[in-house]
Amino acid sequence: MTASLSLDARLDLEQVHRNLPVAQLVELALQRGEAQLAEGGALQVTTGTYTGRSPKDKFIVQRGAEAVDWGPVNQPIAPERFDGLLTRMLDHLHGRELFVFDGYAGADPDHQLPIRIINEFAWQSLFVRQLFVRPTGELPHPSFTVLCLPTFQAEPERDGTNSECFVIVDFERRMVLIGGTHYAGEIKKSIFSVLNYLLPTEGHLPMHCSANVGARGDVTLFFGLSGTGKTTLSADPTRRLIGDDEHGWTADGIFNMEGGCYAKCIDLSATKEPQIYAAIRFGTVLENVVLDPITRQPDYADGSLTENTRAAYPVDFIPGALIPGVAGPPERIVFLTADASGVLPPIARLTREQALYYFLSGYTSKLAGTERGVTEPQATFSPCFGGPFLPRRAEEYAELLGQKIDAHGVQVYLVNTGWSGGGYGVGRRMSLPYTRAMVTAAIEGALDGVAWAPETHFGLLIPQECPGVPTGLLDPASTWSDPAAYAQEAAKLAGLFVKNFARFGGVAEAIRLAGPRA
């Protein structure tokens, strides 16, 4: 065997497990010492050094990618670097057991991407089987292949990487190479990045959002970065879950890009998040959740390994989930932000121009553990609430969103799931029951008839009342004990918005003026 053999030929020569069912993958993961069985039946794993995404280690090959917005997010890497890594990764396969999953990204048959994912760990093969769309008939021929070898490490000086870890997409070869990290979230997000490049060529909008649908077929989208509440708020027992993280919006409606959920479970409880709590059972993968050494009971409050503890499970583990995850166009959109400054209102109604301004801004706070090195909330602007996964210019996605808002008359809200009464360390995190009440009121139309008043610093329209929520909580300024401190922090945040938005040179003036004035 030589490294010059193609990947498909190499798979034929090695010991390969293809498309194994859940029970066999669990058995093999336990036999191989990759995981532990938790009380309740979930498979628990730890991912070592990397317990979150590593954005500085992500690259795109400089071939077949003409529309890429090159820069710190989309770092270029030379084709010969990719080819060299692939050759050595093929050599690394020799004598190893491998696990192959053939399936789809995309629940809509008209817009599916056939994928093949090759792993060296049984637990990661279980992860991708649960997270992507599982074929029900003939196995697809892959249009994109992911080769994920956590035990293979790059040599930065030789390979042109920034560390031993790498996630590299090659659009011409239609491959993704992942090495040096055991964190399975890199696999899922690499395919999302691929779809974010491919779908706009057909006029479809890829979105970093969760989605659910009500009894009358009304769809709501929840945009937001990890930790802002996409999964929690879309898992609503009164509505059917479409998906918790990634969707596409076509001329006909929306579809889930995945077949599973990847829920944060730090401080998870049966009281606050009953659907997610109940979904953690046999077939679920628990990443970096600490187990009691005797009882194997998960301790969801223990963040000693990372705050970014995760549970990966099929979407149909949520009762009443919509299968397949395909629905009509949304009536409502909710932008979620975890504002660590405590300045933004808990809910605000946006005009069309404000919606595009805040979509492009993508303001939130990175929460502890979501990315490597983040230990407490950090203010950040992530375009389209998914900047790390956007190969194209953010303005392209915003233009598509504007077209779809116009076509369907969508109402957009901004919801702050962050802090109230002061910033991080002073104020308190927004109460989840109150946030649920506000979101429910917005979705069900209970806010349509109430009075709205503009907030001073940002011009955001705040409801003067909301069912199930204390009136004094709705205006953020009134929750601070020191009005001058609030005004100072609000002015500071407004200045950050204006400074950040200066990067978008080609947007309409009406959109630029919809933001705060520094």
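Scroll up to find the structure this text is about.
None of these values were measured; they are calculated from a predicted model. (Residues numbered from 1 in each chain as written. Predicted model: local features only at pLDDT ≥ 70, side-chain atom pairs only at ≥ 80, totals over all residues. Heavy atoms only, no water.)

Structural notes on helix H9 (residues 352-361)
Here H9 lies mainly inside the structure; 8 of its 10 residues are buried. Among all positions of H9, only Gln-354, Ala-355, Leu-356, Tyr-357, Tyr-358, Phe-359, Leu-360 and Ser-361 are buried. Gly-362 sits one or two positions beyond H9 and adopts a positive phi of about 55°. (Buried < 20%, exposed > 50% of the residue type's maximum accessible area, 1.4 Å probe, protein only. Helix = DSSP H or I, 4+ residues; strand = E, 2+ residues; numbered from the N terminus.)

What about the sheet that holds strand E3 (residues 43-45)?
Within a sheet, neighbouring strands are paired by backbone hydrogen bonds and run either parallel or antiparallel to one another. Strand order in this open sheet of 5 strands is E2-E3-E18-E21-E17, and the pairing throughout is mixed. Bordering the open sheet on either side are strand E2 (36-37) and strand E17 (260-264), each of which pairs with just one other strand. Of the strand pairs in this sheet, E2 and E3 are connected by 2 bridges, and their pairing is antiparallel. Counted as the bridge partner of Leu-37 is Leu-43 from E3. (Pairing = 2+ DSSP bridges.)

As for the packing of helix H4 (residues 122-131) against helix H6 (residues 185-198)
Contact geometry of H4 with H6 gives a least axis separation of 10 Å together with a crossing angle of 40°. Put simply, H4 runs oblique to H6. Crossing of H4 over H6 shows right-handed handedness. Seen from H4, the contacting residues are Gln-124, Phe-127, Val-128 and Leu-131; seen from H6, they are Gly-185, Ile-187 and Lys-188. Taken together, the residues that form the contact of H4 with H6 break down as 4 nonpolar, 2 polar and 1 charged. (Axes fitted to C-alpha atoms, helices over the stretch in contact; angles between N-to-C directions. Parallel < 35°, antiparallel > 145°, perpendicular 65-115°, else oblique. Left-handed = near helix turned anticlockwise from the far one by under 90°. Contact = heavy atoms within 4.5 Å. Nonpolar A, V, L, I, M, F, W, Y, C, P; charged D, E, K, R; others polar.)

A look at the pattern of salt bridges
Within the structure shown, the criterion is met by 23 salt bridges. Across the pair Arg-88 and Glu-155 runs a salt bridge whose closest N-O atoms are separated by 3.8 Å. Within this pair, whereas Arg-88 is found in helix H3 (residues 79-92), its partner Glu-155 is found in the loop between strand E8 (144-149) and helix H5 (156-159), the two being separated by 67 residues in sequence. With a relative accessible area of 40%, Glu-155 lands in the partly exposed category. Taken together, the shared-partner salt bridges in this structure form one network comprising Lys-188, Lys-189, Lys-230, Asp-245, Glu-246 and Glu-258. (Salt bridge = Lys/Arg side-chain N within 4 Å of Asp/Glu carboxyl O.)

Focus on the side chain of Ser-365
Considering the arrangement of structural elements, one finds Ser-365 in strand E25 (residues 363-366). Ser-365 gets classed as buried once you look at its relative accessible area, which sits at 0%. A distance of 2.8 Å separates the side chain of Ser-365 from the backbone oxygen of Ala-338, its partner in a polar contact. At 3.0 Å, the side chain of Ser-365 forms a polar contact with the backbone nitrogen of Ala-340. (Polar contact = N/O pair within 3.5 Å; in protein donor to acceptor, adjacent residues only side chain to side chain.)

Observations concerning the nonpolar core
Core analysis: the largest hydrophobic core is formed by 52 residues, its most contacted members being Leu-221 and Phe-335. When near neighbours in sequence (up to four residues on either side) are disregarded, Phe-335 contacts Phe-223, Leu-350, Ala-355, Tyr-358, Phe-359, Phe-385, Leu-401, Val-412, Tyr-413, Leu-414 and Val-415. Phe-144, Tyr-197, Phe-255 and Val-285 belong to the second largest nonpolar core, which has 51 residues in total. (Core = buried A, V, L, I, M, F, W, Y, C linked by side-chain atoms within 4.5 Å.)

Re the environment of Asp-244
Structurally, Asp-244 can be placed in the loop between strand E14 (240-243) and strand E15 (247-249). Take Asp-244: its relative accessible area is 1%, and that puts it in the buried class. Counting along the chain gives 53 residues from Asp-244 to Ile-191, while the straight-line C-alpha distance between them is 16 Å. For Asp-244, the contacting residues outside a window of four places in its chain are Cys-209, Ser-210, Lys-230, Thr-231, Ser-234, Glu-258, Gly-260, Cys-261, Tyr-262 and Ala-263. A polar atom in the side chain of Asp-244 sits 3.1 Å from the backbone nitrogen of Tyr-262.

Quick notes on the sheet that holds strand E16 (residues 254-256)
What the 4 strands build is an open sheet, ordered E11-E15-E16-E22; its pairing is antiparallel. The sheet is open, and its two edges are formed by strand E11 (205-207) and strand E22 (326-327), each paired on a single side. Of the strand pairs in this sheet, E16 and E22 are connected by 2 bridges, and their pairing is antiparallel. When the bridges of E22 are listed, Ile-254 appears paired with Ala-327.

With respect to the packing of H9 against helix H13 (residues 483-501)
For the pair H9 and H13, interaxial distance at closest approach is 10 Å and the crossing angle is 80°. Accordingly, the angle class assigned to the pair H9 and H13 is roughly perpendicular. Counted together, Tyr-357, Tyr-358, Leu-360 and Ser-361 of H9 and Phe-497, Val-498, Asn-500 and Phe-501 of H13 form the full contact between these two elements. In the contact of H9 with H13, the residues fall into 6 nonpolar, 2 polar and no charged.

Here we look at the pairing of strand E10 (residues 175-179)
Burial within E10 is extensive, with 5 of its 5 residues counted as buried. Burial of the side chains of E10 extends over both faces: Met-175, Leu-177 and Gly-179 are buried on one face and Val-176 and Ile-178 on the other. With 5 bridges connecting them, E8 and E10 associate as parallel partners. Looking across to E10, one finds that Thr-145 is bridged to Met-175. Pairing of strand E9 (residues 166-170) with E10, which is carried by 5 bridges, proceeds in the antiparallel orientation. Note that in E10 the partner of Val-169 across the bridge is Val-176. Taking the residues that link successive antiparallel strands as the turn, the E9-E10 hairpin has 4 residues, and the phi of Arg-174 there is positive, at about 55°.

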